[in-house]
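Commentary on secondary and tertiary structure
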Amino acid sequence: MRALSRDEVRSVDRRAVEEYGMPSLVLMENAGRGAAEWLAGRMAGGGKVVIVAGQGNNGGDGGAVARHLELRGITVAIRWVGDLSRFSVDAAAQYAILEQADVDQQAWADGVDGEELKRLLAGADWVVDGLLGTGLTRPVEPGPIWDAIGAINASGRPVLALDVPSGLDADTGDVLGVSVKAAATVTFVAEKIGFAGPGASDYTGEVVVAGIGVPLRLLREVGAG
């Protein structure tokens, strides 16, 4: 499967929902399951994972990862960087499910709690980056997301990025202000064309493609299958 641009992969998502009738939460569930399966395969003895999630759908993917890791006997904590009232519809649904499931989570509406995040990251075997996805086109500015990325990079823990490392341009591979440095990236549908950019591999680490269940016909229609 060839690498896709930002617009192409977003078109796949949109058409899967609008033309093929796939609920967006199903796509998110499949993405989260795929990433969780990859990570659980590297944590056969159990352990703890800290997920740092944004208020968009990349964060929602992180919410799905949390549940699937917990089902595999892995201790999970998720911290959302954002105001719950501004979550995407699907991210808010993941948050509500985790509340009912009594998973360790908090939403930081007023900025990152730096001391708590530092403590959580220090005790993690892996960190999952679900802050920003492929939609990022402008530099990350100083603020909560910037702070969270800095804490993740300073933790020294291995990081799994969801779809694209937060802060990396999916089309060019350029760092937009600041970017998570991941040990591995589980990217959805197909690799992103920016992953081939100069120096991008320093941020993506190992790249693994996880399907999200879209039909092969759709992938062929966009020239990916």
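Residues numbered from 1 in each chain as written. Predicted model: local features only at pLDDT ≥ 70, side-chain atom pairs only at ≥ 80, totals over all residues. Heavy atoms only, no water.

1. Remarks on the packing of aromatic side chains
Considering all chains together, one arrives at four aromatic pairs under this definition. Geometrically, the ring pair formed by Trp38 and Trp126 is edge-to-face, given 5.8 Å between the ring centres and 90 degrees between the ring planes. With Trp38 in helix H2 (residues 24–40) and Trp126 in strand E4 (residues 126–130), this residue pair connects regions lying 88 residues apart in the sequence. No difference in accessibility class separates Trp38 from Trp126, as the two residues are buried. An angle of 65 degrees between the planes, with centres 5.9 Å apart, marks the rings of Trp80 and Tyr95 as edge-to-face. With Trp80 in strand E2 (residues 75–81) and Tyr95 in helix H4 (residues 89–100), the pair connects residues that are 15 residues apart, well separated along the chain. (Phe/Tyr/Trp six-rings, centres within 6.5 Å; stacked < 30°, edge-to-face > 60°. Helix = DSSP H or I, 4+ residues; strand = E, 2+ residues; numbered from the N terminus. Buried < 20%, exposed > 50% of the residue type's maximum accessible area, 1.4 Å probe, protein only.)

2. Remarks on H2
With 17 residues, H2 ought to run about 24 Å at 1.5 Å a step, and its terminal C-alpha atoms sit 24 Å apart, in line with that. With twelve of 17 residues buried, H2 is to be regarded as a mostly interior element. Among all positions in H2, only Leu27, Met28, Glu29, Asn30, Ala31, Gly32, Gly34, Ala35, Ala36, Trp38, Leu39 and Ala40 are buried. (Expected span 1.5 Å × (residues − 1).)

3. Topic: the sheet that holds strand E5 (residues 159–162)
Paired through their backbone hydrogen bonds, the strands of a sheet run either parallel or antiparallel. Spatially, seven strands are ordered E3-E2-E1-E4-E5-E6-E7 in an open sheet, and the strand pairing comes out parallel. Looking along the sheet, the strands with just one partner apiece sit at the ends: strand E3 (104–108) and strand E7 (206–210). Geometrically, the sheet is characterised by an average inter-axis angle of 20 degrees between neighbouring strands, direction not taken into account. Helix H5 (residues 114–122) rests against strand E1 (48–53), E2, E3 and E4 of the sheet, and its axis sits at about 145 degrees to E1. (Pairing = 2+ DSSP bridges. Axes fitted to C-alpha atoms, helices over the stretch in contact; angles between N-to-C directions. Contact = heavy atoms within 4.5 Å.)

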